[in-house]
Amino acid sequence: MTTVLDFHNVTVRRGTKNIIDDVTWQVNDNERWVILGHNGAGKTTLMQLASTRMHPTSGTVDILGERLGRVDVFELRPRVGLASAALAERIPSDERVLDVVLTAAYGITGRWREEYDDFDRDRARDLMRAFGVEHLEERHYGTLSEGERKRTLIARALMADPEVLLLDEPAAGLDLGGREELVAALSELAGFEAAPVLVLVTHHVEEIPPGFTHLLLLKDGGVHAAGPISEVLTDENLSSAFGVPLAVTNTQGRYQAIASERLNRFVGGHAR
Ligand SMILES: Nc1ncnc2c1ncn2[C@@H]1O[C@H](COP(=O)(O)OP(=O)(O)OP(=O)(O)O)[C@@H](O)[C@H]1O
Ligand SMILES: [Mg+2]
């Protein structure tokens, strides 16, 4: 077992506020993590740190055995895939969809140009097929729907064959069918032994793909609870993390969370 992400007493200070507050968190190579937390809890900031795009104010962040602040982040970056809204905004709207995926591979290998192109074009198409966007390869990125963009960005993030894949709200904006397809694709990915270590930020327990193993609950920049999903995803932890009484259920490997008063009504109003 190798530690892939190792955060030790990490704080990120902005103005007078610690937007990440003394976070100690470890991700090992056989784990697939979900991060849940209220708006502003610090999820995206944590992904910024884990993807080498931000440095902590204090504490240490080790990524794939390299310490932020000591390593050349441009060497480390290709080993960490990231799909996020901030990154999506930087893609020119007139870029061809196939190129959006392909360009993620540029500069990573020094193979002979033509061989490099053939190899990578095949890989890009395979990934686009896996995420259901292969028919869009000639379209301009700016013409894609929200869901099509999200899936293209995941294919792009996987293009460089990263050792860690960070997904910041990949299901936001997807319709029900698109969400279910994405959850199924991530569940399948989670099952591959050779898959990168996965970290998925989401707002909805319904979006936790079967096969994900661990949960980090963030609250006000700090770790509210962390560990195996079955231990951490409890009514108590979720309710206190979101400040609302919530009840969690699991049906056929998928989670659901609803306000617990409503659940009480379903079961005849008995105290739980
Ligand atoms: N540069 C900054 N200066 C001041 N505050 C900041 C800065 N960047 C982020 N924040 C604040 O830090 C907090 C955490 O932001 P972050 O984007 O990590 O939250 P999040 O958990 O991803 O939220 P959401 O669920 O809404 O995406 C927020 O309150 C945000 O306003
Ligand atoms: Mg966010």
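I will try to describe carefully the structure that is included in this document.

Analysis parameters
Residues numbered from 1 in each chain as written. Chains lettered and ligands numbered in written order. Predicted model: local features only at pLDDT ≥ 70, side-chain atom pairs only at ≥ 80, totals over all residues. Heavy atoms only, no water. Pairing = 2+ DSSP bridges. Helix = DSSP H or I, 4+ residues; strand = E, 2+ residues; numbered from the N terminus. Phe/Tyr/Trp six-rings, centres within 6.5 Å; stacked < 30°, edge-to-face > 60°. Buried < 20%, exposed > 50% of the residue type's maximum accessible area, 1.4 Å probe, protein only. Lys NZ or Arg CZ within 6 Å of the ring centre and 35° of its normal. Expected span 1.5 Å × (residues − 1). Arc of directions from axis to C-beta. Contact = heavy atoms within 4.5 Å. Polar contact = N/O pair within 3.5 Å; in protein donor to acceptor, adjacent residues only side chain to side chain. Lys, Arg positive; Asp, Glu negative; His and termini not counted. Salt bridge = Lys/Arg side-chain N within 4 Å of Asp/Glu carboxyl O. Near = heavy atom within 4 Å. Areas by Shrake-Rupley, 256 points an atom, 1.4 Å probe, with all protein chains shown as cover. Nonpolar A, V, L, I, M, F, W, Y, C, P; charged D, E, K, R; others polar. Core = buried A, V, L, I, M, F, W, Y, C linked by side-chain atoms within 4.5 Å. Axes fitted to C-alpha atoms, helices over the stretch in contact; angles between N-to-C directions.

**What about the pairing of strand β1 (residues 3-14)?**
The side chains of a regular strand alternate between the sheet's two faces.
Then, in step 1: For β1 and strand β2 (residues 17-28), the ladder comprises 8 bridges, and the chain directions are antiparallel. Looking at the pairing, Arg14 lines up with Lys17 of β2.
Then, in step 2: Hairpin connection of β1 to β2: 2 residues between the antiparallel strands, including Gly15 at a positive phi of 65°.
Then, in step 3: Of the pairings in the sheet, the one linking β1 to strand β4 (residues 58-63) comprises 5 bridges and is antiparallel in character. Its bridge partner lying in β4, Leu5 is registered against Ile63.

**Points about the packing of aromatic side chains**
Then, in step 1: All told, the structure shown has 2 aromatic pairs when counted by the stated rule.
Then, in step 2: Ring geometry for Phe7 against Trp25: centres 5.4 Å apart, planes inclined by 50°, an arrangement best described as tilted. Here the residue Phe7 occupies a position in strand β1, and Trp25 occupies one in strand β2, the gap between them amounting to 18 residues.
Then, in step 3: A residue is classified by how much of its surface remains accessible, and Phe7, at 0% relative accessible area, is buried.
Then, in step 4: Look at Trp25 and you get buried, because its relative accessible area is 3%.
Then, in step 5: One aromatic cluster in this structure is built from Phe7, Trp25 and Trp33.
Then, in step 6: Looking at Arg77, its charged tip hangs above the ring of Phe74, at a distance of 5.0 Å from the centre.

**So, helix α7 (residues 176-191)**
Residue pairs spaced three or four apart in an α-helix point in one direction, given the helix's 3.6 residues per turn.
Then, in step 1: With 16 residues, α7 should reach 22 Å at 1.5 Å per residue; the first-to-last C-alpha distance of 23 Å fits that figure.
Then, in step 2: Buried within α7 we find Gly178, Arg179, Leu182, Val183, Ala185, Leu186, Leu189 and Ala190. End-on, the buried residues of α7 take up no more than an arc of 165°, which puts them together on one face. The outward face of α7, more than 90 degrees from its buried face, is lined by the exposed residues Leu176, Glu181, Glu188 and Gly191.
Then, in step 3: Where the residues of α7 are buried, they touch β3 (32-37), α6 (146-159), β7 (164-168), β8 (197-201) and β12 (254-259).
Then, in step 4: In this structure Asp175 caps α7, since a side-chain oxygen of it lies 3.1 Å from the backbone nitrogen of Gly177.

**Remarks on the side chain of Asp168**
Then, in step 1: By the element assignment, Asp168 lies in strand β7.
Then, in step 2: No salt bridge is formed by the buried Asp168, whose closest oppositely charged neighbour, Lys43, lies at an N-O distance of 6.9 Å.
Then, in step 3: At a separation of 2.7 Å, a polar atom in the side chain of Asp168 contacts the side chain of Thr44.
Then, in step 4: Ignoring any residue separated from it by four or fewer positions in sequence, one finds Asp168 in contact with Thr44, Ala83, Ser84 and Val201.

**Looking at the site of ligand 1**
Then, in step 1: Close to ligand 1 lie 13 residues; Gly40, Gly42, Lys43, Thr44 and Thr45 are nearest.
Then, in step 2: Interatomic distance of 3.2 Å between a backbone N/O atom of Ala41 and an oxygen atom of ligand 1.
Then, in step 3: Relative to its free-state accessible area of 650 Å², ligand 1 is covered by the protein chains to the extent of 59%.
Then, in step 4: For the shell around ligand 1, the secondary-structure elements that each account for two or more residues are β2 and α1 (43-50).
Then, in step 5: Among the elements that line the shell around ligand 1, the one with the most residues is α1, at 3 residues.
Then, in step 6: In terms of residue class, the shell around ligand 1 is made up of 2 nonpolar, 7 polar and 4 charged.

**Brief notes about the nonpolar core**
Then, in step 1: Core analysis: the biggest nonpolar cluster contains 51 residues, and Phe212 and Leu233 have the highest contact counts within it.
Then, in step 2: If you tally residues by element for this core, the top one is α6, at 6 residues.
Then, in step 3: The next biggest cluster of nonpolar side chains, apart from the first, holds 34 residues, and it includes Val27, Leu64, Leu68 and Leu87.

**What about the sheet that holds β7?**
Then, in step 1: Ordered in space as β6-β7-β8-β3-β9-β10, the 6 strands form an open sheet in which the pairing is mixed. The strands lining the two open edges of the sheet, one partner per strand, are β6 (80-83) and β10 (222-228). Strand-to-strand, the axes of this sheet are offset by a mean angle of 15°, without reference to chain direction.
Then, in step 2: Alignment of strand β9 (residues 214-219) against β10, held across 6 bridges, turns out to be antiparallel. When the sheet's bridge partners are listed, Leu215 is paired in β10 with Gly227.

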